[in-house]
Amino acid sequence: MPIVQTQSFTEREAEQIERANASSATPVVFVHGLWLLPTSWERWAELFEREGFVALTPGWPGDPDTVEQANEHPEAVADTSVGEVADHFEAVISRLARKPVIVGHSFGGLLTEVLAGRGLSACSVAIAPAPFRGVLPLPISALRSASPVLANPANRHKAIPLTYDQFRYAFANALPENEAQSLYETFAVPAPAKPLFQSASANLNPWTEVKVDVENPDRGPMLLVYGERDHTVPRAIVEASYAKEKRNAGVTELVEVEGRGHALTIDSGWEEVARIALDFAARFVSSDIPVAAV
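Below: a short report on this structure. These figures come from a predicted structure and were not determined experimentally.

The rules behind these values
Residues numbered from 1 in each chain as written. Predicted model: local features only at pLDDT ≥ 70, side-chain atom pairs only at ≥ 80, totals over all residues. Heavy atoms only, no water. Core = buried A, V, L, I, M, F, W, Y, C linked by side-chain atoms within 4.5 Å. Buried < 20%, exposed > 50% of the residue type's maximum accessible area, 1.4 Å probe, protein only. Helix = DSSP H or I, 4+ residues; strand = E, 2+ residues; numbered from the N terminus. Pairing = 2+ DSSP bridges. Right-handed = clockwise from strand over helix to strand, strands pointing away.

### Here's the deal with the nonpolar core
Reasoning step 1: Core analysis: the biggest nonpolar cluster contains 90 residues, and Phe30, Trp44, Val103 and Ile127 have the highest contact counts within it.
Reasoning step 2: Considering each element in turn, this core owes the most residues, 7 residues, to helix H11 (residues 270-284).

This is how it looks when you write it as structure tokens:
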């Protein structure tokens with residue numbers, strides 16, 4: 001099967017699609033959130049592949065390959081919207097031979113819910129998912145985490161980096177200083193501001209792109225996960241999202257990870273969270289023979 005060649009996919013994404021379709025394993029698609037890149041999922045992808053899945057880590061439209069490139073050229077992702085990202089991931093998933101597991105974090109968690117609501121997932125795991133239309137709680141810590149972007153309306157069409165202190169509060173508040181600094185240097189990149197403005201106005205805009213079809217019978221099983229100490233997407237937001245998703249006839253579950261903040265997918269305890277997602281997926285989809293067992 002030739003590599004998919006369209007303007008919609010990068011060469012890396014096309015190669016991942018071809019590899020997934022050449023495999024007998026169930027695909028798992030990872031969706032990153034703001035201020036991170038697809039490379040933030042590398043350890044997760046390796047773990048899921050050891051357990052018999054085949055992993056894809058698509059980017060958002062315009063994502064550079066490296067943190068260095070992203071910091072040098074923030075304009076590459078400026079003005080990217082939630083709808084554009086969701087449509088890009090749908091285009092990737094539509095090329096797969098079988099429905100994937102979808103796993104996302106933060107705005108990637110919101111996108112996971114959007115994609116599952118479109119009937120594109122075999123099952124899904126939304127980790128610290130950003131709120132969608134109908135989710136009403138706005139805790140002070142969430143407002144403070146978003147304030148570097150939302151405080152200035154002129155940011156809407158820009159890509160905005162976080163300072164270390166802003167990253168420390170929004171992502172790494174539950175971590176020791178040395179680990180927080182290391183994560184900032186390793187993973188943090190400028191992020192498009194538009195999704196945050198879209199999310200902030202979602203409950204006022206009936207035509208918003210930040211909406212989820214929670215009742216689609218083809219949504220598939222869904223797990224929502226949150227960190228006990230998350231400032232950016234606190235418990236109240238995830239519980240409100242869970243209450244909406246519970247309207248679905250399918251399995252909907254909620255898990256708290258004690259003592260963890262918003263960096264729970266990239267910090268030193270990432271594997272605990274990955275295992276929660278992996279165990280949930282394994283209940284509903286079959287994986288191939290793990291590579292280690294061959």
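### Observations concerning the pairing of strand E7 (residues 222-227)
Working note: regular strand, side chains alternate between the two faces of the sheet.
Reasoning step 1: Within E7, 6 of the 6 residues are buried, which leaves the element mostly enclosed by the surrounding structure.
Reasoning step 2: Across the two faces of E7 the burial is the same, with Met222, Leu224 and Tyr226 and Leu223, Val225 and Gly227 all buried.
Reasoning step 3: Here strand E4 (residues 123-127) pairs with E7 via 4 bridges, running parallel. Paired with Ser124 across the two strands is Met222, which belongs to E7.
Reasoning step 4: In this structure, E7 lies alongside strand E8 (residues 252-257), joined through 6 bridges in parallel fashion. In the strand pairing of E8, Leu224 is matched with Leu254.
Reasoning step 5: Note on the crossover from E7 through helix H10 (residues 235-245) to E8: the handedness is right-handed.

### With respect to the pairing of strand E1 (residues 27-31)
Reasoning step 1: Taking burial as the measure, the 5 residues of E1 include 5 buried ones, the bulk of the element.
Reasoning step 2: On E1, burial covers both faces: Pro27, Val29 and Val31 on one face and Val28 and Phe30 on the other are all buried.
Reasoning step 3: The pairing of E1 with strand E2 (residues 54-56) spans 3 bridges and is classified as parallel. Pairing of Val28 across the sheet is with Ala55, part of E2.
Reasoning step 4: Note that the unit made of E1, helix H2 (residues 42-50) and E2 has a crossover that is right-handed.
Reasoning step 5: Strand direction decides the pairing type here: E1 and strand E3 (residues 101-105), joined by 4 bridges, are parallel. Within E3, the residue paired with Phe30 across the bridge is Val103.

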